Amino acid sequence: MVDSLGSRMKFAVVAPSTNTSVEPEYASMQPRGVTNHFSRIAIPDTRVTDDASFMVMLQSIRDATFDAVDVSMSMDPGCVIMGMSAETFWDGAKGAEQLHKKMVERTGGVPVIMGSTAVDSAIKAYEQDRGPIRKIGIVTPYMPVGDKNVRRFFEDQGYEVVHLVGLKSPSPMLIAHESKHVLKNAAIAVSQGVDAIIQAGTNLAFAEVAAIAEFWLEKPVIAINTATYWHALRSMGITDQMDGFGTLLSRY
């Protein structure tokens, strides 16, 4: 017997309680027979004004992540998706590898999908048609300490970060208040002289903006929520294609 609604896959998604973008964006990309089940990482909506307060926010997430994972496992998911991104970039490629190992140990071997490595996989998918992608522009909602770790991850993977715009959003909840106009301008600001544009920060509602920007800029524009959900689907053998979210979901 299989789950009556999630007959093809039940995803457990672990996301901060302040995050209001990842759940609706994942829902809009959800194929028939696939269900998303959210477990919230309980954190306060602390003010973020500098690197020190950003680290306070990140530590709140770290302290509560495994409890949220444990709760999510009670519904017997086929895969766990990390619906938060800063921690998945922390300490570069080595840090991402170590975090993934810890997560899989916590889930008892259930597959875990993370934003950082999902974006890297998305870049490699685009390379099938476009050839090597080496120069990238990045948009984040972070303070400089967060941007430094995002940059380090991609440089560890062999990419050259030509431009990076950190929006310095004033709290984890207020990341979702960044307007489409702000996100559009940020994408344009990092677009010159790059092969692809990357967005980090799962509470930035960037999926729709990325698809529009990709058409006008004529280069890959990869939203982290799109990349992470795409990577989860493909990793679990679900190959449904979908229009409206850029080339990543419609072609690869």
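Right above here is the structure, for reference.
Here is a short report on the structure shown in this document. (Residues numbered from 1 in each chain as written. Predicted model: local features only at pLDDT ≥ 70, side-chain atom pairs only at ≥ 80, totals over all residues. Heavy atoms only, no water.)

1. Some thoughts on the overall build of the chain
Part 1 of the argument: A tally of regular secondary structure across the chain gives 10 helices and eight strands.
Part 2 of the argument: In terms of overall size, the chain behaves like a compact globule, its C-alpha atoms giving a radius of gyration of 17 Å where 252 residues would be expected to give roughly 18 Å.
Part 3 of the argument: Overall, the chain is about 50 × 40 × 30 Å in size when its C-alpha atoms are taken along their principal axes.
Part 4 of the argument: Residues counted as buried form 55% of the 252 residues belonging to the chain.
Part 5 of the argument: Taking contacts inside the chain between residues at least 6 apart in sequence as the whole, the part at least 24 apart equals 77%.
Part 6 of the argument: Each charge class in the chain was averaged separately, 23 positive and 28 negative side chains, and the resulting centres sit 2 Å apart. (Helix = DSSP H or I, 4+ residues; strand = E, 2+ residues; numbered from the N terminus. Rg over C-alpha atoms; globule rule 2.2 N^0.38 Å. Buried < 20%, exposed > 50% of the residue type's maximum accessible area, 1.4 Å probe, protein only. Contact = heavy atoms within 4.5 Å. Lys, Arg positive; Asp, Glu negative; His and termini not counted. Charge placed at Lys NZ, Arg CZ, Asp CG, Glu CD.)

2. A look at the sheet that holds strand E8 (residues 221-223)
Adjacent strands of a sheet form backbone hydrogen bonds with each other and so pair up, either parallel or antiparallel.
Part 1 of the argument: Strand order across the open sheet formed by four strands is E6-E5-E7-E8, with parallel pairing between neighbours. Whereas interior strands pair on both sides, the edge strands pair on one side only; in this sheet they are strand E6 (160-166) and E8. Across this sheet, the average inter-strand angle for adjacent strands is 20°, counted without regard to direction.
Part 2 of the argument: Pairing between strand E5 (residues 135-140) and E6: six bridges, direction parallel. Along E6, the bridge assignment pairs valine 139 with valine 165.
Part 3 of the argument: Its contacts with the sheet place helix H6 (residues 144-156) against E5, E6 and strand E7 (196-199), and it is angled at close to 160° to E6.
Part 4 of the argument: Of the strands in this sheet, E7 and E8 are in contact with helix H8 (residues 207-217), which crosses E8 at around 175°. (Pairing = 2+ DSSP bridges. Axes fitted to C-alpha atoms, helices over the stretch in contact; angles between N-to-C directions.)

3. A closer look at the pattern of salt bridges
Part 1 of the argument: Throughout the structure, instances matching the rule amount to 11 salt bridges.
Part 2 of the argument: Across the salt bridge formed by arginine 40 and glutamate 23, the nearest N and O atoms sit 2.8 Å from each other. Of this pair, arginine 40 sits in strand E2 (residues 34-41) while glutamate 23 is found in helix H1 (residues 22-28), placing the two residues 17 residues apart along the sequence.
Part 3 of the argument: Under the relative-accessibility criterion, arginine 40 is labelled partly exposed at 32%. (Salt bridge = Lys/Arg side-chain N within 4 Å of Asp/Glu carboxyl O.)

4. Digging into the sheet that holds strand E4 (residues 112-113)
Part 1 of the argument: Spatial ordering of the open sheet is given by E2-E1-E3-E4, a layout of four strands whose pairing is parallel. The sheet is open, and its two edges are formed by E2 and E4, each paired on a single side.
Part 2 of the argument: Sheet strands in contact with helix H2 (residues 51-72) are strand E1 (9-16) and E2, and its direction is about 140° off that of E2.

5. Let's talk about the side chain of serine 85
Part 1 of the argument: With respect to the element layout, serine 85 can be found in the loop between strand E3 (79-82) and helix H3 (86-89).
Part 2 of the argument: On the basis of relative accessible area, serine 85 is assigned to the buried category, the value being 3%.

6. A look at the packing of aromatic side chains
Part 1 of the argument: Enumeration over the complete set of coordinates arrives at 11 aromatic pairs.
Part 2 of the argument: Pairing phenylalanine 11 with tyrosine 229 gives two aromatic rings, centres 5.6 Å apart and planes at 65°, and the pair type is edge-to-face. In this pair, phenylalanine 11 is assigned in strand E1 and tyrosine 229 in helix H9 (residues 224-235), connecting sequence segments 218 residues apart.
Part 3 of the argument: The interplanar angle of 85° and the centroid separation of 5.2 Å between the aromatic rings of phenylalanine 153 and phenylalanine 154 together place this pair among those described as edge-to-face. Neither phenylalanine 153 nor phenylalanine 154 differs from the other in exposure class; each is buried.
Part 4 of the argument: Taken together, the ring pairs in this structure connect Phe11, Tyr26, Phe38 and Tyr229 into an aromatic cluster. (Phe/Tyr/Trp six-rings, centres within 6.5 Å; stacked < 30°, edge-to-face > 60°.)

7. Details of the packing of helix H7 (residues 180-189) against H8
Part 1 of the argument: Packing of H7 against H8 leaves a shortest axis separation of 10 Å and a crossing angle of 40°. One element, H7, and the other, H8, form an angle in the oblique class. Here H7 runs over H8; the crossing is right-handed. Counting all contacts with H7, which are made through Lys180, Leu183, Lys184 and Ala187, the residues of H8 involved are Glu208, Val209 and Leu217.
Part 2 of the argument: Class assignment of the residues belonging to the contact of H7 with H8 gives a composition of four nonpolar, no polar and three charged. (Parallel < 35°, antiparallel > 145°, perpendicular 65-115°, else oblique. Left-handed = near helix turned anticlockwise from the far one by under 90°. Nonpolar A, V, L, I, M, F, W, Y, C, P; charged D, E, K, R; others polar.)

8. Digging into the packing of helix H4 (residues 92-107) against H6
The geometry of a pair of packed helices is captured by two quantities: the angle between their axes and the separation between those axes.
Part 1 of the argument: In the contact formed by H4 and H6, the axes pass within 6 Å of each other and the chain directions differ by 95°. In terms of axis orientation, H4 runs roughly perpendicular to H6. Listed contacts from H6 to Gly92, Ala93 and Ala96 of H4 are Arg152, Phe153 and Asp156.
Part 2 of the argument: The class makeup of the residues in the contact of H4 with H6 is three nonpolar, one polar and two charged.

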